[in-house]
Amino acid sequence: MKRGRAGKQVEYHRDPSEWEMPACPVVKAYKNWDFLGSSHARHIRILTEYEETLQRLRANNVRSTVMFFGSARSKDRKQYDKAMKQAKAELEAAEAGSEAFQKAEGVIKRLETSEWMCEYMEKTTELARRITEWGMLTGYCPKSDSVSGVARSSELKRRIERSASQDKHLGEVKVPSFAYLPHSTDESYKKENGDLPSALEQSLFVCTGGGPGFMEAANKGAAMVTVEQYDERTKARVVRPGRSIGMGITLPFETGLNPYVTPELAFEYHYFFTRKFWMAFYMQALVVAPGGFGTCDELFEIMTLKQTGKMNKQMPVVLFGKKYWEDIINWKALASYGTIAQNDVDELCFTDSVDEAFEFLTKALMKGAMVCTTHGYAE
């Protein structure tokens, strides 16, 4: 006999102790790491990166984000000075012409070419701090038709409806219509308390790729926020910290998410495309600091989604570092050659000013928002 989890005795068809040999070892499929890590289970891993993120975001009431993109190589002034001091010390300690000497010279040269980004690190931190605080104090909440995915584009909705009506009849074959009940995680699912969150809930979240550099600066800015509010239901003052999201990616030269990401909103992805999907899904605004291949890749993907109506065409985009973005991309040439419309460029906000960026973002966000005033706020 053996006692089970509830303390009850378990009766076996045959007592294993009577067997002449040990029982055959076995593992359940969902605990078989050799299988789950194989190419055969790739689709399962993709689904888990989709579903686990969805459940955790919804559990934390994340329905709208301001995404921050930017270089992982940037440093704030304190980090820069420390790195430069260390590199110079290594250069002095190394023998002239040695491999260590050349390596230290290379580090110093790279640091010197990137010193200008220190200014934008500080500005990114301040902008993220102000955006987080604004989202927590204004009761901002996006309208239900501008929350996620393709639902944010009314033009795309019309195209889908038109396409569906045309596809009802294919020759003599009538295509049936299928109706599905909404899932509790669907945006169309009706909640008991309605779509409007409590005024004591954070409804706008800074989201980054979770890495160092400008991503760390944005998460740091959000973490600096502390809001004190009065809850009329409990007749007590509530102190709430700003929370932010980090969506990391497993790379050989990354060491994990930066320490300012909120732990319950920290994600690590294997597949770039699932990570990019979730970066865009709840995005209501985009801030792009100076960056390289990865930053440009992410920027142009979002711009393509806006241009094609897959995302809200009115979604505000700020390009932080005016001279940098005007130097590395010839926006006027793209328009003059007819490959994009001039309006696509005119809608972008090129700026070096935190105040200008903040005003541009908040003004655009409030055009498609509701304001929750269910509970009183501390003055």
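Here, every reference points to the structure presented above.
What counts, and where the lines are drawn
Note that residues are indexed from 1 along each chain, following the sequence as it is written. Residue-level local features of this predicted model are given only where pLDDT is at least 70; pairs of side-chain atoms are given and counted only at 80 or more, and the full residue set underlies all totals for whole chains, interfaces and linings. To obtain the side-chain values, all non-hydrogen atoms of the structure were included, while hydrogens and water were left out. Following DSSP output, two strands are said to pair if at least two bridges run between them. For helices the rule is a DSSP run of H or I covering at least 4 residues; for strands it is a run of E covering at least 2, with both sets numbered from the N terminus onward. Whenever a helix is involved, its axis is fitted only over the stretch in contact; in every case the axis is a line through C-alpha atoms, and angles between N-to-C directions fall within 0 to 180 degrees. One fewer than the residue count of a helix, multiplied by 1.5 Å, yields its expected span. Buried residues are those whose accessible area, probed at 1.4 Å on protein chains only, stays under 20% of the maximum for their type, while exposed residues exceed 50% and partly exposed ones sit between those limits. As used here, the arc is the angular range of directions from the helix axis to the C-beta atoms. In the analysis that follows, any N or O atom pair within 3.5 Å is treated as a polar contact, provided that within protein one partner can donate a hydrogen and the other can accept it, and provided that, for residues neighboring in sequence, both atoms belong to side chains. Should any heavy atoms of two residues lie within 4.5 Å, those residues are considered in contact. Throughout this description, any angle smaller than 35 degrees is read as roughly parallel, any larger than 145 degrees as roughly antiparallel, any in the 65 to 115 degree range as roughly perpendicular, and the remainder as oblique. Left-handed describes a crossing whose near helix is turned anticlockwise from the far helix through less than a right angle; right-handed describes the clockwise counterpart. Ten residues, namely Ala, Val, Leu, Ile, Met, Phe, Trp, Tyr, Cys and Pro, are considered nonpolar, four, namely Asp, Glu, Lys and Arg, are considered charged, and the remaining ones, Gly among them, are considered polar.

Here we look at the sheet that holds strand β7 (residues 205-208)
As summarised here, the arrangement of the seven strands in space is β11-β10-β7-β3-β12-β13-β14, forming an open sheet in which the pairing is parallel. Across the chains shown, the open sheet's two edge strands, defined by having one partner strand only, are β11 (266-269) and β14 (349-351). With direction set aside, neighbouring strand axes in the sheet form an average angle of 20 degrees. Alignment of strand β10 (residues 244-249) against β11, held across four bridges, turns out to be parallel.

Remarks on helix α9 (residues 293-307)
Its 15 residues place the ends of α9 21 Å apart at the C-alpha level, agreeing with the 21 Å of an ideal helix rising 1.5 Å per residue. Along α9, the residues that are buried comprise T295, C296, E298, L299, I302, M303 and K306. Down the axis, α9 shows its buried residues gathered within 165 degrees of arc, on one side only. One or two residues past the end of α9 sits G309, with phi positive at roughly 80 degrees.

Here's the deal with the side chain of Q202
Residue placement: Q202 occurs in the loop between β6 (173-174) and β7. With a relative accessible area of 4%, Q202 lands in the buried category. A polar contact of 3.1 Å, which involves the side chain of Q202, links it to the backbone oxygen of L204. Within the local environment of Q202, its side chain forms a polar contact with the backbone oxygen of R243, the two atoms lying 2.9 Å apart. Ignoring anything within four residues of it in the chain, the contact list for Q202 reads N61, T132, M136, R240, P241, G242 and R243.

Focus on the packing of helix α5 (residues 117-137) against helix α13 (residues 354-367)
Interaxial distance between α5 and α13 falls to 10 Å at its minimum, and their mutual angle equals 30 degrees. Judged on the interaxial angle alone, α13 and α5 are roughly parallel. Considering how the two elements wind past one another, α5 and α13 form a crossing that is right-handed. The residues of α13 that touch α5, namely those facing K123, E126, L127, R130, I131 and W134, are V354, D355, A357, F358, L361, T362, L365 and M366. Residues that form the contact of α5 with α13 fall into these classes: nine nonpolar, one polar and four charged.

A few points about the pairing of strand β12 (residues 283-288)
For β12, the tally of buried residues reaches six of six residues, placing the bulk of the element in the interior. Sheet analysis places strand β3 (residues 65-69) next to β12, joined by five bridges and oriented parallel. Looking at the pairing, T65 lines up with M283 of β12. Bridge count between β12 and strand β13 (residues 317-320): three bridges; the pairing is parallel.

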